[in-house]
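# Architecture at a glance
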Amino acid sequence: QLQSKILILTICAAGIGGTFQYGYNISIINAPTLYIQTFMNQTWLERTGAPLESNMVLLLWSFTVSAYPLGGLTGAVVAGPMAIMLGRKMSLLLNNVFVIIAAVLSGFSRVAKSFEMIMLSRFFTGVNAGVSMSIQPMYLAESAPKKLRGAVALTSASFTALGLVLGQVVGLRELLGGEESWPFLLASNVVPALIQLTALPWFPESPRYLLIDCGDEESCISALQKLRGNSDLSAELEEMLAEQAAVKGQRAKNPWELFQNHSLRWQLLSIVVLSSAMQLCGNDSMYFYAAYVFKEAGIPQDKIPYVVIGTGSCELITSVTCNMVIDYAGRRPLLLGGYILMAVWAVVFMVALSQQSQVSWMPYLSMACIFAYILSFGIGPAGVTGVLPTEVFDQMSRPAAYMICGSLLWFNLFLVGTAFPFIVKSLAHFCYIPFLVVCICTALYVGFFLPETKGKSFLEISEEFKKRNFRAGTRPGCYKGPEEIKSTTL
């Protein structure tokens, strides 16, 4: 069907230059680590006549790595205003400017003999990822029909995983991971940006944005007709008009206004808990351990990069699988199952690491744990977390909610990246205890406090949270003040 094709192509056009870039740019920096550090040392030697000390090289490298989450945090902060002022689609298109600047900087860094250009390039790459991680799920969830909303919004996680795998593949020394070609590897992120700039203008803006934010019913109907074809639009349009009436006279909220609004307490708490847990659950740290564990399992050093591709492929397979089942299984079971399984594998992984030198088959158990942990993360937390802010907030609060989510995500990524080496140093084999605590606490929160949003309209979800937020004031038999006193005097 034509409308199905249009929706699928819209998803692909948004994803390739959106969250794909987040995964791709996280993984392409790993392969040329030693080459870039050598380049920093040589550049410093040519400038000053003295080589850098090893701790200074590490310091400069840590600045280069941390520029990415810093840029991501900046991107998350500007994503909200961009989504409100420019619209969802135009924001994604304009966002490619940051990647093009980054590609030019990193591509010419060796010619210009400037490692500072690489640092600046990573910052701009981070800004691009920060914007797309917030706006892409919003754009897709607002454009999708209700029955497919979860699956469509979850494609953001699938594109992240696809970017991660392709980054690992392109970073192999046979392709662009060699000593001579690393500037081209860092600049290769311009290709997805150019694809999006060519493809996305042909597809419609978010119908909800056009109707509720812009008040343009005609453009909204036109966008819906492109996305849905000849199917009956009356029910969906009626739902949107009801949502428009519910927020009539309101303006787009700022992040601090969400914290002050009592009617948004549970929504805000839910996204703060889940966005923080996504980075604090230790999934990214598994990649840190992967090479060491694979080496201990007897895999030759030159074959390890190929096995590491398997870890990224695990995340891709599960995110695609999760895509297929989210609108049948629901959001809560996937989140709950993912965090419970991760807690189990964290315990097994720590036991396996502690017994690595005593028991001959323990390295293989550690290796299985890495794959199992990443698979469990992909089941739910990786994708569902990005879908929820769209579902639990109304149109006026949604951009601010994504600003909060994105800021937490990038801040915690920076925090884990900075703190994890010290955690390993102090806790050794039991370094996963903090992550275990996060997984258990998040599973308990999801189990007890998070309502299911599957198959419900945005208004129905808002009503359900409203009941939770004001439950204390409407409890049967509670004291109602002077009215009761008045009635007893009769």
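Keep in mind that this is a model prediction, so the values were computed, not measured.

Here we take up the overall build of the chain. Looking only at helices and strands, the chain has 24 helices and zero strands in total. Taken over 490 residues, the chain has a buried fraction of 53%. A separation threshold of at least 6 residues defines the contact pool for the chain, and within that pool the share at least 24 residues apart is 82%. By element, 69% of the accessible surface of the chain is carried by carbon and sulfur atoms, the whole surface being about 21,400 Å². Side chains of the chain give 33 positive and 31 negative charges; the mean places of these two sets differ by 4 Å.

The subject of this paragraph is the environment of Asn30. On the secondary structure map, Asn30 appears in the loop between helix H2 (19-27) and helix H3 (33-48). For Asn30, a relative accessible area of 52% translates into the label exposed. In this structure the C-alpha to C-alpha distance between Asn30 and Gln301, which are 271 residues apart in sequence, comes to 15 Å.

On to the pattern of salt bridges, then. Counted under the stated rule, the structure contains twelve salt bridges. A salt bridge links Arg47 to Glu116; its shortest N-O distance comes to 2.9 Å. Highlighted residues: Arg47 in helix H3 and Glu116 in helix H7 (residues 116-143), separated in sequence by 69 residues. For Arg47, a relative accessible area of 40% translates into the label partly exposed. Look at Glu116 and you get partly exposed, because its relative accessible area is 34%. A salt bridge links Glu391 to Arg331, with the nearest nitrogen and oxygen atoms 2.6 Å apart.

Attention now goes to the packing of helix H4 (residues 54-85) against helix H5 (residues 88-107). Packing of H4 against H5 brings their axes to within 7 Å, and their N-to-C directions diverge by 125°. By the angle between their axes, H4 is oblique relative to H5. Judged by the twist between their axes, the crossing of H4 over H5 is right-handed. Here H4 contributes Met82, Ala83 and Ile84 to the contact with H5, which in turn contributes Arg88, Ser91 and Leu94. In the contact of H4 with H5, the residues fall into four nonpolar, one polar and one charged.

Time to look at the environment of Gly338. Turning to its location among the elements, Gly338 is positioned in helix H18 (residues 331-354). Linking Gly338 and Ile379, residues 41 residues apart in sequence, is a C-alpha distance of 5.7 Å. Among all residues touching Gly338, those that are not within four sequence positions of it are Ser376 and Pro381.

Another point: the packing of aromatic side chains. This structure, assessed with the given rule, holds eleven aromatic pairs. With a centroid separation of 5.5 Å and an interplanar angle of 80°, the aromatic rings of Tyr68 and Trp410 are classed as edge-to-face. Residue Tyr68 is found in helix H4, and its partner Trp410 is found in helix H21 (residues 398-427); the two are separated by 342 residues along the sequence. Residue classification places Tyr68 among the buried residues on the basis of a relative accessible area of 3%. Through pairs of rings, three or more aromatic residues link up here, namely Trp266, Tyr445, Phe448 and Phe449. The cationic tip of Arg122 hangs over the ring face of Tyr68; the distance from NZ or CZ to the ring centre is 4.6 Å.

If you check the backbone angles, Lys113 has positive phi at about 55° while not being a glycine. Mapped onto the elements of the fold, Lys113 is located in the loop between helix H6 (109-112) and H7. Residue classification places Lys113 among the partly exposed positions, given a relative accessible area of 47%.

A few words on the nonpolar core. Formed by 68 residues in total, the largest nonpolar core has its most connected members in Tyr339, Trp410 and Tyr432. Of the domains in this structure, domain 1 (1-203) and domain 2 (257-471) are the two that each give at least three residues to this core. With residues up to four places along the chain from it excluded, the contact list for Trp410 reads Tyr22, Tyr68, Pro69, Gly72, Leu73, Ala76, Gly126, Ala129, Gly130 and Met133. Phe20, Tyr24, Met82 and Val152 belong to the second largest nonpolar core, which has 40 residues in total.

So, on to the environment of Ser222. Residue placement: Ser222 occurs in helix H12 (residues 217-228). Counting along the chain gives 17 residues from Ser222 to Glu205, while the straight-line C-alpha distance between them is 9.9 Å.

Structurally, Thr160 is set in helix H8 (residues 149-170). Using a relative accessible area of 12% as the deciding quantity, one classes Thr160 as buried.

We now examine a nonpolar patch on the surface. Together, Met85, Leu86, Met90, Leu94, Val97 and Ile101 make up an exposed nonpolar region whose accessible area comes to about 540 Å². Looking at the nonpolar patch element by element, the count peaks at four residues for H5. Among the secondary structure elements, Leu86 is positioned in the loop between H4 and H5. Judged by relative accessible area, Leu86 falls into the partly exposed class, the value being 35%.

Parsing the chain into structural domains produces domain 1 (1-203) and domain 2 (257-471). Each of domain 1 and domain 2 has a C-alpha centre, and these two points are 21 Å apart. Interface area, domain 1 with domain 2, both sides summed: about 3,300 Å², of which 68% is carbon and sulfur. Among the residues of domain 1 in contact with domain 2, Arg149, Leu154 and Gln168 are the three that bury the most area, contributing 18% of the side total. The tally of links from domain 1 across to domain 2 stands at two salt bridges. Across the pair Glu391 and Arg149 runs a salt bridge whose closest N-O atoms are separated by 2.9 Å. Our enumeration of links across domain 1 and domain 2 arrives at eight residue pairs in polar contact (both at pLDDT 80 or more). Secondary structure elements with two or more residues in the side of domain 1 that touches domain 2: H4, H7 and H8. Top element by residues in the side of domain 1 that touches domain 2 is H8. It accounts for 14 residues. For the side of domain 1 that touches domain 2, the class distribution of residues is 24 nonpolar, ten polar and seven charged.

Thresholds, definitions, all that
- Residues numbered from 1 in each chain as written.
- Predicted model: local features only at pLDDT ≥ 70, side-chain atom pairs only at ≥ 80, totals over all residues.
- Heavy atoms only, no water.
- Helix = DSSP H or I, 4+ residues; strand = E, 2+ residues; numbered from the N terminus.
- Buried < 20%, exposed > 50% of the residue type's maximum accessible area, 1.4 Å probe, protein only.
- Contact = heavy atoms within 4.5 Å.
- Areas by Shrake-Rupley, 256 points an atom, 1.4 Å probe, with all protein chains shown as cover.
- Lys, Arg positive; Asp, Glu negative; His and termini not counted.
- Charge placed at Lys NZ, Arg CZ, Asp CG, Glu CD.
- Salt bridge = Lys/Arg side-chain N within 4 Å of Asp/Glu carboxyl O.
- Axes fitted to C-alpha atoms, helices over the stretch in contact; angles between N-to-C directions.
- Parallel < 35°, antiparallel > 145°, perpendicular 65-115°, else oblique.
- Left-handed = near helix turned anticlockwise from the far one by under 90°.
- Nonpolar A, V, L, I, M, F, W, Y, C, P; charged D, E, K, R; others polar.
- Phe/Tyr/Trp six-rings, centres within 6.5 Å; stacked < 30°, edge-to-face > 60°.
- Lys NZ or Arg CZ within 6 Å of the ring centre and 35° of its normal.
- Core = buried A, V, L, I, M, F, W, Y, C linked by side-chain atoms within 4.5 Å.
- Domains from an automatic or database assignment.
- Patch = residues over 30% accessible without salt bridge, like charges linked within 9 Å, V, L, I, M, F, W, Y side chains within 5 Å.
- Buried area = accessible area lost by both parts, 1.4 Å probe.
- Polar contact = N/O pair within 3.5 Å; in protein donor to acceptor, adjacent residues only side chain to side chain.

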